[in-house]
Amino acid sequence: MTRVGFYVVQSDDTLASHRVAAVLAEKALNRGHRIFVLARDESHAQELYDVFWSFRHDAFLPVSLCHERATSAIVIGHSNPTPEHHDCLINLSMTTDNFASRFQRIVEIVTQQAHHLEAMRDAWRWYKHRGFTLEKHDVALANHV
């Protein structure tokens, strides 16, 4: 059964979710997972790609955009993931879809922006209604995040 983790960040900074996503992707990568990061659109995917490449000066995340030859362990895209992606989904699109059930683990990052909170409440209800295992995690922003 797919587990869905909601990571609640006490910030309304628009880039907080990007930085938290990079940290969580690094942790998942270190545990041997392959990660698909779902963006809202192409410009959002590029923004995430830039953050992932530069979020820490002492770290390297093997990341590629989905329209590139996506052979890296972390792939960022803005449409339904390709079938070979089924391990970990970091969903920053603020939407849910039926492809979610093919993933072992889903990460939803919640910031304190009003529209984001409402979207994540809807997502929680969507996942719960479909029987997903739900978890909530509070995230403290550190200097490296």
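All residue numbers refer to positions counted from 1 along the written sequence of the respective chain. Thresholds applied to this predicted model are a pLDDT of at least 70 for local features of residues and 80 or more for the giving and counting of side-chain atom pairs; totals over whole chains, interfaces and linings are not thresholded and use all residues. Side-chain metrics in this entry use all non-hydrogen atoms of the structure; hydrogen atoms and water are not considered.

**Quick look at unusual backbone geometry**
Thinking step 1. With a phi close to 65°, Met-94 is a non-glycine residue in the positive phi region.
Thinking step 2. Secondary structure elements follow DSSP: runs of H or I no shorter than four residues count as helices, runs of E no shorter than two count as strands, and numbering proceeds from the N terminus. Structurally, Met-94 can be placed in the loop between strand S5 (88–91) and strand S6 (105–110).

**What about the layout of surface pockets?**
Empty space among the atoms becomes apparent when a probe as large as a water molecule is rolled across them.
Thinking step 1. As defined here, a cavity is a set of points on a 1 Å grid over the protein atoms alone where a 1.4 Å probe fits but cannot get out. A pocket is an open set with protein on both sides within 12 Å along at least five of seven lines, and residues line them when an atom is within 4 Å of a point. Grid points are joined across faces, edges and corners, and a volume is the space filled by probe spheres set on the points. What the largest pocket holds in volume is close to 260 Å³.
Thinking step 2. Looking at the largest pocket, the residues that line it are Arg-3, Tyr-7, Leu-24, Lys-27, Ala-28, Arg-31, His-33, Cys-88, Arg-105 and Val-107.
Thinking step 3. Contributions of two or more residues to the lining of the largest pocket are made by strand S1 (3–9), helix H1 (16–30) and S6.
Thinking step 4. Per-element tally for the lining of the largest pocket: the top contributor is H1, with 3 residues.
Thinking step 5. Following the grouping adopted for this structure description, the nonpolar residues are Ala, Val, Leu, Ile, Met, Phe, Trp, Tyr, Cys and Pro, the charged ones are Asp, Glu, Lys and Arg, and the polar ones are all others, Gly among them. Classifying every residue of the lining of the largest pocket by side-chain character gives 5 nonpolar, 1 polar and 4 charged.
Thinking step 6. Volume-wise, the second largest pocket comes out at about 220 Å³.
Thinking step 7. Elements that contribute at least two residues to the lining of the second largest pocket include exactly H1, helix H2 (42–54), S6 and helix H3 (114–129).

**Digging into the nonpolar core**
Thinking step 1. In this structure, Ile-35, Val-37, Phe-52, Ile-74, Ile-76, Ile-90 and Ile-109 are the most contacted members of the largest nonpolar core, which totals 33 residues.
Thinking step 2. Within the residue set of this core, elements represented by two or more residues are S1, H1, strand S2 (35–38), H2, strand S3 (63–65), strand S4 (74–77), S5 and S6.
Thinking step 3. Not counting residues within four places of it along the chain, the set of residues in contact with Val-37 comprises Leu-48, Phe-52, Ile-74, Val-75, Ile-76, Gly-77, Ile-90 and Leu-92. We define the nonpolar core as a collection of buried residues of types Ala, Val, Leu, Ile, Met, Phe, Trp, Tyr and Cys that are connected through side-chain atoms lying within 4.5 Å of one another. When a residue's accessible area, from a 1.4 Å probe over protein chains only, is under 20% of the maximum for its type it is buried; when over 50% it is exposed; and in between it is partly exposed. Whether two residues are in contact is decided by their heavy atoms: any pair within 4.5 Å suffices.

**A few points about the sheet that holds S4**
Hydrogen bonds along the backbone pair up the strands of a sheet, which may run parallel or antiparallel.
Thinking step 1. Only strands joined by at least two bridges in the DSSP assignment are considered to pair. The sheet built from 7 strands is open, its strands ordered S3-S4-S2-S5-S6-S1-S7 with parallel pairing. Pairing within the sheet leaves two strands with one partner each, and these edge strands are S3 and strand S7 (133–139). Strand-to-strand twist across the sheet, computed as the mean angle between neighbouring axes with direction ignored, equals 20°.
Thinking step 2. Seen against the sheet, H3 touches S1, S5, S6 and S7 and runs at an angle of roughly 155° to S6. Between the N-to-C directions of two axes lies an angle of 0 to 180 degrees, each axis being a line fitted to C-alpha atoms and, for a helix, fitted only over the stretch in contact.

**Overview of the packing of aromatic side chains**
Thinking step 1. Two rings belonging to Phe, Tyr or Trp (six-membered ring only in the last case) form a pair when the distance between their centres is within 6.5 Å. Interplanar angles under 30 degrees mark stacking, angles over 60 mark edge-to-face geometry, and anything in between is tilted. Throughout the structure, instances matching the rule amount to 7 aromatic pairs.
Thinking step 2. Relative to Trp-53, the ring of Tyr-49 has its centre 6.1 Å away and its plane inclined at 70°; by these criteria the two rings are edge-to-face. Separated by 4 residues within a single helix, Tyr-49 and Trp-53 lie in helix H2, roughly one turn from each other.
Thinking step 3. Note on Phe-99 and Phe-103: the rings are 6.4 Å apart at their centroids and 65° apart in plane angle, and the pair reads as edge-to-face. Summarising the burial analysis for this pair, Phe-99 and Phe-103 share the class buried.
Thinking step 4. By the ring-pair criterion, three or more aromatic residues cluster together here, those being Phe-6, Trp-124, Trp-126, Tyr-127 and Phe-132.

Keep in mind these values describe shape, not function.
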